[in-house]
Amino acid sequence: MTGPASRARRGGVALACAFALAGCGTAPPGAGEAARWLLGRLGPDGAFLYRYDAKKDEESDRRNFVRQAGAAYSLIQFGRTAGAREALDGGRKALGFLLARLSRETRDGADVAFLSRNDGGKAPSDAQSPLGAAALAMLAILEIPAADRTAAEAAAVEPLSRFLRWMQHPDGRFWKSREERLAKADPGPPADYFPGEAMFALSRHAAETKSPESRRAALLAAARQFMEFRAGASPDHWTMQGLALLATGREDPGEPPENAPSLPRGQILDMLEAMSAEILGEQIGEEGREAFRGGFRSADPPRLAHAATRLEGLGAARSALAASGRDISALDRGIRAGLGFVRSLQVGPAEARTLPNPAKALGGFRGAPGEWDMRIDYAQHALSAFLLCERR
């Protein structure tokens with residue numbers, strides 16, 4: 001037996017021993033290993049090393065605040081879910097790196113906070129104050145129970161939420177960065193991921209605080225995402241997580257706030273079904289090469305990030321649809337196949353021993369079959385996919 005599932009099982013005990021995290025014995029297979037790999041990329045100052053070439057044993061010192069915030073979120077999510085204190089502490093250390101770099105200013109008469117990527121010239125050349133970094137940092141804070149937050153964590157929530165709302169156009173779209181918001185009257189074509197990240201973060205904020213402003217913004221963003229999906233946009237995994245939250249009763253829908261669209265729960269569930277069906281239609285089945293099965297046709301060869309992010313959306317959708325009594329059998333099959341593909345790209349002991357530095361590679365994820373590039377966002381999305389797809 002040589003399929004993805006058997007590849008995932010080989011060396012499983014050795015991996016578990018090498019990467020044991022206190023309290024995570026009930027975590028999904030591969031999750032503790034992914035968390036440990038992320039912790040190994042975390043520097044003394046709380047910044048992640050973004051990229052690692054396992055074949056060349058070369059690390060990149062490039063910093064990416066969006067990826068930093070996403071990796072912090074997934075570690076906190078894992079640490080809280082699995083009771084793994086080391087992962088929780090590591091995620092909060094990474095979050096602290098970001099919170100120490102928050103910028104603040106007054107917009108529309110209120111204090112807002114955002115992340116500016118001013119890090120000694122190591123930032124990418126794109127926008128310096130991205131929407132996605134603020135949204136993911138807020139999600140990371142909201143993953144921590146309110147009673148357990150530090151003063152810095154608690155103090156950042158409201159200014160970050162106001163920044164996200166300030167970044168939203170009246171038609172529901174978002175500007176991609178603070179710089180774009182100040183320079184352009186119109187956000188232009190929708191960006192990948194950032195609108196979904198903001199919509200999910202605002203939904204989480206509304207669920208916790210009952211803020212009518214955040215709920216209005218989340219509903220407006222959801223309505224816009226509905227329209228763009230019907231017009232041919234690809235399903236977004238962050239949007240799907242936000243929709244699942246709106247649909248599952250973690251936030252009591254009640255009457256929509258003034259000037260917010262009305263999105264009945266049934267309509268949200270219908271959209272989650274449609275988005276899930278489109279994703280499953282891209283999945284490679286038994287007709288594909290063995291190493292590709294369970295992956296998605298969005299790239300050739302199929303990529304880890306594409307699979308893991310789609311699984312995040314599918315896992316959230318399955319929970320919401322199951323809670324409403326809808327049929328999830330197709331989702332279950334697709335999720336099982338997708339998890340097999342993701343696990344086949346996680347480096348185990350046998351593969352690690354063939355590499356120049358086994359300890360740095362062990363537990364991380366290759367970007368695609370035949371590649372050895374490893375990034376923190378690969379591990380972030382795989383870890384979150386494991387948690388979202390295998391919770392019951």
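Along each chain, residues carry numbers from 1 onward, in the same order as the chain's sequence is written. Only residues with pLDDT of 70 or above have their local features reported here, since the model is predicted, and side-chain atom pairs are shown and tallied only from 80 upward, although totals for entire chains, interfaces and linings are computed over all residues. In computing side-chain properties, one takes all heavy atoms of the structure into account and sets aside hydrogens as well as water.

Engineer: Where do I start with the overall build of the protein chain in this structure?
Structural biologist: Assigned secondary structure in the protein chain consists of 17 helices and five strands. Here the term buried applies to any residue with accessible area under 20% of the maximum for its type, exposed to any over 50%, and partly exposed to those in between, with areas from a 1.4 Å probe on protein chains only. Taken over 392 residues, the protein chain has a buried fraction of 57%. Look at the contacts in the protein chain between residues 6 or more apart in sequence, and 67% of them connect residues 24 or more apart. Summing over all exposed atoms, the protein chain offers an accessible surface of approximately 15,600 Å²; the carbon and sulfur share of this is 51%. In DSSP terms, a helix is any run of H or I states spanning at least four residues, a strand is any run of E spanning at least two, and both are numbered starting from the N terminus. Only heavy atoms matter for contacts: two residues are in contact if any of them lie within 4.5 Å across the pair. Throughout, the Shrake-Rupley method with a 1.4 Å probe supplies accessible areas, and for residues the shown protein chains are the sole cover considered.

Engineer: Explain the side chain of His237 to me, please; I cannot follow it from the model alone.
Structural biologist: Structurally, His237 is set in helix α11 (residues 237-247). Using a relative accessible area of 5% as the deciding quantity, one classes His237 as buried. One polar contact links His237 to Trp238, side chain to side chain, over a distance of 2.9 Å. Counted as a polar contact is a pair of N or O atoms within 3.5 Å, where, for protein atoms, one must be capable of donating a hydrogen and the other of accepting one, and residues adjacent in sequence contribute only when both atoms are in side chains.

Engineer: Is there a simple way to think about the packing of aromatic side chains in this case?
Structural biologist: For any two aromatic rings, the description comes down to two numbers: the centre-to-centre distance and the angle of the planes. Note on aromatic pairs: the rings of Phe, Tyr and Trp (six-membered ring only in Trp) are paired at centre separations within 6.5 Å, and the planes decide the class, stacked below 30 degrees, edge-to-face beyond 60, tilted for the rest. Tallied over the full model, the rule gives six aromatic pairs. Measuring from ring centre to ring centre gives 6.2 Å for Phe365 and Phe386, while their planes differ by 55 degrees; the resulting arrangement is tilted. Within this pair, whereas Phe365 is found in the loop between α16 (358-361) and β5 (373-375), its partner Phe386 is found in helix α17 (residues 376-389), the two being separated by 21 residues in sequence. Note on Phe365: relative accessible area 1%, which makes it buried. Ring pairs connect the aromatic residues Tyr73, Phe200 and Trp238, which therefore count as one cluster. Any Lys NZ or Arg CZ that is within 6 Å of a ring centre and within 35 degrees of that ring's normal is treated as a charge sitting over the ring. In this structure, Arg343 packs its charged tip against the face of Phe386, placed 4.5 Å from the ring centre. One Lys or Arg, Arg366, reaches over the ring of Trp372 and ends 4.9 Å from the middle of that ring.

Engineer: Would you mind going over empty space enclosed by the protein with me for this structure?
Structural biologist: Empty space among the atoms becomes apparent when a probe as large as a water molecule is rolled across them. Space inside and on the surface of the protein is sampled on a 1 Å grid over the protein atoms alone, with a cavity defined as a set of points where a 1.4 Å probe fits but cannot get out and a pocket as an open set with protein on both sides within 12 Å along at least 5 of 7 lines; lining residues have an atom within 4 Å of a point. Grid points are joined across faces, edges and corners, and a volume is the space filled by probe spheres set on the points. Within the structure shown, the criterion is met by two cavities of 30 Å³ or more. Looking at the largest cavity, its volume works out to about 70 Å³. Forming the boundary of the largest cavity are Gly172, Arg173, Phe174, Pro190, Pro195, Ala221, Arg224, Gln225 and Glu228. Ranked by residue count, the leading element in the lining of the largest cavity is helix α10 (residues 212-230), at four residues. Ten residue types, Ala, Val, Leu, Ile, Met, Phe, Trp, Tyr, Cys and Pro, are classed as nonpolar, four, Asp, Glu, Lys and Arg, as charged, and the remainder, Gly among them, as polar. Taken together, the residues of the lining of the largest cavity break down into four nonpolar, two polar and three charged. The wall of the second largest cavity is formed by Ala47, Phe48, Tyr50, Arg62, Arg63, Asn64, Phe65, Gln68, Phe97 and Ile376. Here the lining of the second largest cavity is built from residues that sort into six nonpolar, two polar and two charged.

Engineer: Where do I start with the confidence of the model for the protein chain in this structure?
Structural biologist: Where the model shows low pLDDT, its predicted coordinates should not be examined in detail. For every residue, the predictor reports its confidence as pLDDT, a number between 0 and 100. Per-residue confidence for the protein chain averages 89 on the pLDDT scale, and 88% of its residues sit at or above 70. The least confident element of the protein chain, judged by mean pLDDT, is helix α1 (residues 4-9) at 32; the most confident is helix α7 (residues 151-166) at 98. Counting interchain partners and residues more than four positions distant, the pLDDT-below-50 stretch residues 1-20 has 32 contacts. Under a pLDDT of 50 for its full length, residues 119-126 has, in the predicted model, 13 contacts with residues more than four places off or in other chains.

Engineer: Even after reading the chapter, I still don't get the packing of helix α13 (residues 304-323) against helix α14 (residues 329-344), so can you show me in this structure?
Structural biologist: In helix packing, the relevant descriptors are the interaxial angle and the interaxial distance, both defined with respect to the helix axes. For helices, the axis comes from a line fit to the C-alpha atoms of the stretch in contact; other axes are also lines fit to C-alpha atoms, and the angle between any two N-to-C directions lies between 0 and 180 degrees. Packing of α13 against α14 leaves a shortest axis separation of 10 Å and a crossing angle of 150 degrees. Taken as axis vectors, α13 and α14 run roughly antiparallel relative to one another. Seen from above, α13 lies across α14 with left-handed handedness. Where α13 approaches α14, its residues Leu304, Ala307, Ala308, Leu311, Leu314, Gly315, Arg318 and Leu321 are matched on the opposing element by Leu331, Asp332, Gly334, Ile335, Gly338, Leu339, Phe341 and Val342. An angle below 35 degrees is treated as roughly parallel, one above 145 as roughly antiparallel, one from 65 to 115 as roughly perpendicular, and anything else as oblique. Left-handed describes a crossing whose near helix is turned anticlockwise from the far helix by less than a right angle; the clockwise case is right-handed.

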